[in-house]
Amino acid sequence: MASTSKVDYSVDDEAEEKEFERFDDFTLASSWERFISEIEAICRQWLADGPKNLLEKGAVQLDSSKNIYKVKSELKYVMKSYCIEYYFEAKKSGEVTVWDYMLHDLQLCFGVKEFLVIAPQSASGVVLDAPEASKLLSAVAIALSNCSSLWPAFVPVHDPSRNAYIGIQNMGTIYTRRFEADRICSQVPVKLMHLEGLYELFVSKFAYSTLDFSMHLFRVRFTMKLTYQTIPCEDDDIQEDDEENIEPSDFPGGDNNKTQWDDDCPWSEWYSAEDPVKGFGLTAIWSEKMVESSLEMAELENTSPHEAEKWILFPNISDSTKGNRIGFASQLRLLVDALTMSFEAQFLEDFVSVENPGSDNLKSSMVIPSPAVRDRVLKDLFHEGVQLPDFAKAEHKSSRSIKGAPLGSLFAQFCLHSLWFGNCNIRAIAVLWIEFVREIRWYWEESQPLPKMQVNGSIDLSTCLIHQKLQMLAICIEKKCELDEDFQDCIGSNDHSPADIEVEGQAGEGSTNLQIPDQNFDQKRDSLLTADRLQKSGTAVQKYSTKPKDVGSAEQKPPDCIRRGSASVLGSVMLLKSQQSMHAPFTQAAPLMTEDMHEERLRAVEALGDSFEFSAQLERDILSSDMSAFKAANPDAVFEDFIRWHSPGDWLNDESEESGPSGVPAMEGLKENWPPRGRLSKRMSEHGNLWRRIWNEVPASPASEQKPLLDPNREGEKILHYLETLQPHQLLEQMVCTAFRASADTLNQTNFGALKQMTMKMEQFYRTMASVLKPMQANNLSGDSETIKDLKRLCVVFEHFEKLLTVAASLHRKFLQVSRLSEAIFSDYYNFYLPKMGMGSDKVELEMEFDTKLQLRNKERQVVSNMFTPPTANQSWRKVLSMGNLLNGHEPILREIIFSTSDHANGSYYACSSPRAYQQEVEMYRMYICGTSNDLRVALSVTSCD
C-alpha cells in the first residue's frame, strides 16, 4: 500500500506542474494590443518629426502633386503584413481649396488635409474581408486617440476597380467623422444621371425616408465642376489611308485627298507631321451656392457652361518622346549613316555595280526605289516652269555660317529629295546622283539654262563646292549660248568694208548712237570711271563726227589709230603725249573662280613666292586684256596713261599741281596746262617691270574682239568631270552640310508667332549646327572620326528642335486671336520639355506627363468655345446625350459635384451650454459625386456625436 500511495503522490505532482505551465498571464499584451502599440509608436514618431524632418528622411513626392508627400512603414499582425502610409503637405496651405488640381484623390473625396492609409501588402492592396477591415480601422483609431492625433485614417476595401474606402476621424470634440466611398462601374440608374436625382440621393442621407423630397425644401451647399474634351483628330485613320496609297519610298509631297493640319506648313512638301496638340480639355467650375429643391437642380442642369464662374483650359499634347517620329531629324540620321558607309568605296558606281564584292550585302539591306519614283524626283528637280527662288528670303540670318547650298537651289533640293529617296541609303543616293549628273550634262550639251540656279555673274564662296560648281556651270551655259548667237550673227551678216566702220572720237553734237556693250563683258571694278556710272549720272557718250575738221575719215588713218571700244570720256583728263581726252574702255570681267580654283592659285603663289611680279604673272591674262582695250580706246596712249587710269596709286603728281578728284591734275584749259606733270611710282619705274613688258607686247584690241578670259566650253567640261568623278565621301560630306542647312531653313519659315523661347532656341540651334559642321570643311573625315559622333548627337538636338517647333506652330495656329494662350501654354511646355533635350528618344525617362492648367479670361471664352465644333454624324461617339450642360453639342466627359450641410456645434468636449464654450460650424454631411452616364463614384462623410 505504501508503495502504491507513493506512486499516486508523484503522479499528482506532475499533473500540477503541467497545469502550472499552461497558466496565462493576462498582465502581458496580446497580439492585438501589440499591433495597436506598434501603430501608435509609428504615428508618434511621425508627429514628433513633423513635415520638415520627414522630408529630410526621404519622404516621397506624389506624381500627381508637387506639394504632397508620403512616408510609409511596414508592420505585421498575426500572419499578415500591412503597410501604413502617412500623406502630408510640405507647405501648409491653410484652407483646402475645393477644386484644387493638386489634391490627392482622398482629399478631394472627403475634404481632408493630411491622412493615414493602412492596407495589406498583397497583390490587390485592398481588404476583402469586412470584419478585417473594421478591425484594422479600429486599431488605427485607438492608436491615433492615444497619440491625441486628429488624422483621419482610411482602409481600402472591396474590389480594387471600385476604388472603395472606409475611414474614421476623431474630431477632438464629442464628434466623430466616418467616411465611405464606392463606385458603380456600369448600369447607372437613370435618375442618378441628372442633378435632380443626385440632389435627392444626398438629401436621403439625413432626411426621413418617408418624405417626398421633391415636395420639401432642404438647404444644402452645392458646387460643380464639368470637364469637356474636344473631339480628337483622326490621325490614325488618315495615316492608314496614306499607307495604302503611297509607297514608303515614294515621292514626297504627293496629292492627298484628305486635308492635313499642316498642309500650309513649310515641311508639308516633304512629310506630314502628326499634330502634337491632340485636343483641349475645358473645365467649367460653378462656385458654391445654396440650393433648396430638386426643381432648382433641374434648372441648373439646363444652364450653359458660359454661366460658370471659371473656365480652365488644359491642352492635350502628345508625348513626342514615344515612338519613332518621321521628320527631317530621322532622315538626317540616316544620311549620317550613309556618310559613314561612303568611305568603303572610291567611286559611287561601286555602290551600284553588281560586280562589287559587297554588293550582295548592300542589296539585301538597302533598296533602290523604282525607276518611276526616280523619274518623278528628277522631274521635280529639273522642272522648267519653276521660278528662280529668292535664296535670301528663305534663309535664317545665321545660315550662311553653314557651308552648304542655299535653300531652293538645285543642289539643296537634291539633298532634300535624297533624304526621302530609298530611305536615304547609300545605294539610293549613288543611283540618284548618277542620274542627277547625267541630267545636268544634258542641259550642258543642249545649252539649256540650268534650273533653280541664279546667274548673277558671281560665285558665292560661302556655299559648298558643288553649289559653286553648279553656279559656274550655269554661267558657262549662258556664255556658251551668247557665243553661239554671236557666231550665228556673224554667219548671217554681210561683209562690211573698212569704210563702213564709224570712227569714234571726242564728244560732240554729231551722232549719238552708242552700242551697248555685250553682256559677256563688264567694266573693270577698280576703274576710275565706268559706263554704268556715266549712265547713272546722265552723261551720254557720243561718236566722233566724220567731218575733216575733227579727225578726218577712216581712210586717212591706219587701223591702229582708230579709236575702238570706248565706253566714256574721262572729263578733263588728258593723255600725256597728245592733246586728247582720255577714254575709259569697255573691259572684260575678271574670270570667275570657285573655291578650289582660288586654293590652286594660292598654292601657286606659295610655290613661286609672294612678290609683286609673281602675283602679276597670275593675273597676266586679265592685265593683258585691260591693256589691249585701253590701247584700242586711246590709240595715242602710252604706258603712263594706262597706269593713271588702271592704277592711279602708282602715278605720283607733282606737289605744285592741284589734283582733281581722280588724282589727275585739274586743267583749266586743254592747251595751256598740257602736258600733265607727274611720274610713275618706284615699283612701276623699275627696270624690267612686268606691266611695261606686257604693255609693249599686247596689241590694241577692243574687248568685243578679244578672246574671252573665261572659256565656257573648257570650264564647263571641267565642272562636269568634277561632278562625274566625285568621291562618295566628298559628296556625302557636302550633302550632310547642305541637308542640315536646308532642313533648318525650311523649318525656319514656320510661323509660330511671338514665342520668345522658340526664337531663342532657333538662334541657339543655328549656332550649334555651325559649330558641329565646321570640321566638315577640312575634308579629312574618316568613318570612325569624332565628327561622325558629333553629327549623330546633332541629329538628336535637331529632333528635339523639330518637335518643339511643331508644338509651337500647332499652338500658334489654334490661338491666332488670343496669342496669350499660345504663349502661356508653350512657355510651360518649353520648361517641361527642356530637361529632355539632351537625350535621345530611347533614353528619356517618362516620369511625369505635361499637365498645365490655364484660367481663361472672359474675352477668351468664345474663341475656346469655337474649338468645340458640333459633332457630326460619323463623329457621334456618344449617341445618347443623357447629361445636361451641353457645350456646342458636347456633353461633359466628367461631372464632379459636392453637396454639404453644416451645423453649429459646441467647442467643449462635453455638450454643455457653458458660456466659455465657443460655437463652431461643423460639416455634418458631405457627398462627393464623380462620373458620367456610364460610371458613378460617390464618397460620403458623416459627422456624428459619439
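The preceding data block contains the structure.
In this text the structure is predicted, and so the values were computed from the model without any measurement.

Participant: Would you mind going over the overall build of the protein in detail, with residue names and values included?
Facilitator: In terms of helices and strands, the protein carries 27 helices and 18 strands. Burial status across the protein gives 47% buried among its 946 residues. Taking all contacts inside the protein whose residues are at least 6 apart in sequence as the whole, residues at least 24 apart take part in 73%. Total accessible area on the protein is roughly 49300 Å²; 50% of this is exposed by carbon and sulfur atoms.

Participant: How would you summarise the nonpolar core if you had to cite specific residues and measurements?
Facilitator: Nonpolar side chains in soluble globular proteins tend to be buried together. In terms of nonpolar packing, the biggest core is built from 153 residues, with Phe-411 and Trp-433 touching the most fellow members. For this core, the element with the highest residue contribution is helix H25 (residues 786–814), accounting for 12 residues. Core analysis: the next-biggest nonpolar cluster, separate from the first, contains 33 residues, Trp-46, Leu-116, Ala-143 and Cys-147 among them.

Participant: Explain the pairing of strand E11 (residues 566–574) to me, using residue names and the numbers behind them.
Facilitator: Alignment of E11 against strand E12 (residues 581–585), held across 4 bridges, turns out to be antiparallel. Counterpart to Met-574 in the pairing with E12 is Ser-581. Between E11 and the antiparallel strand that follows it, E12, lie 6 residues.

Participant: Tell me about the packing of aromatic side chains, residues and numbers included.
Facilitator: Throughout the structure, instances matching the rule amount to 48 aromatic pairs. Seen from their ring centres, Phe-115 and Phe-154 are 5.9 Å apart, and the 80° between their planes marks the pair as edge-to-face. Of this pair, Phe-115 sits in strand E4 (residues 115–120) while Phe-154 sits in strand E5 (residues 153–157); the two residues are 39 residues apart in sequence, bridging distant segments of the chain. Judged by relative accessible area, which is 0%, Phe-115 ranks as buried. One aromatic cluster is present, built from ring pairs that chain together Tyr-199, Phe-202, Phe-206, Phe-218, Phe-222, Phe-899 and Tyr-925. One cation-aromatic arrangement involves Lys-631 over Trp-695; the distance from NZ or CZ to the ring centre is 4.7 Å. Positioned over the ring face of Trp-651 is Arg-644, at 5.8 Å from the centre of the ring.

Participant: Before we move on, could you go through the pattern of salt bridges and cite the residues and values that matter?
Facilitator: Two side chains bearing opposite charge may form a pair once their charged atoms approach each other closely. Applying the stated criterion across every chain yields a total of 40 salt bridges. For Arg-441, the salt bridge goes to Glu-445, with nearest N and O atoms at 3.4 Å. Of this pair, Arg-441 and Glu-445 both sit in helix H14 (residues 426–445), separated by 4 residues, roughly a single helical turn. When its relative accessible area of 48% is taken as the criterion, Glu-445 is described as partly exposed. The closest approach of N and O atoms between Lys-469 and Asp-596, which form a salt bridge, is 2.8 Å. A residue pair is termed long-range when its members are at least 10 positions apart, and Lys-469 in helix H15 (residues 465–492) and Asp-596 in helix H17 (residues 595–608) qualify at 127 residues.

The rules behind each value
Note on numbering: residues in each chain are counted from 1, in written sequence order. Reporting of local features is limited, given that this is a predicted model, to residues whose pLDDT is at least 70; pairs of side-chain atoms are given and counted only at 80 or more, and all residues count toward the totals for whole chains, interfaces and linings. With hydrogens and water stripped out, all remaining heavy atoms of the structure feed into the side-chain values. Per the convention used, a helix needs a DSSP run of H or I reaching at least four residues, while a strand needs a run of E reaching at least two, with both numbered from the N terminus. Burial classes: relative accessible area under 20% of the type maximum marks a residue as buried, over 50% as exposed, and values in between as partly exposed (1.4 Å probe, protein chains only). It only takes one pair of heavy atoms within 4.5 Å for two residues to be counted as in contact. Every accessible area reported is derived by Shrake-Rupley at a probe size of 1.4 Å, with residue values counting cover from the shown protein chains alone. By convention a nonpolar core is built from buried Ala, Val, Leu, Ile, Met, Phe, Trp, Tyr and Cys residues, the set being connected through side-chain atoms within 4.5 Å. Note on pairing: DSSP must find at least two bridges between two strands before they are called paired. Two aromatic rings, drawn from Phe, Tyr or Trp (for Trp, its six-membered ring), form a pair once their centres lie within 6.5 Å of each other, and the interplanar angle then sorts them: stacked below 30 degrees, edge-to-face above 60, tilted otherwise. A positively charged side chain is recorded as over a ring if its NZ (Lys) or CZ (Arg) lies within 6 Å of the ring centre. The angle to the ring normal must also be within 35 degrees. A pair is scored as a salt bridge if a Lys or Arg side-chain nitrogen falls within 4 Å of a carboxyl oxygen belonging to Asp or Glu.

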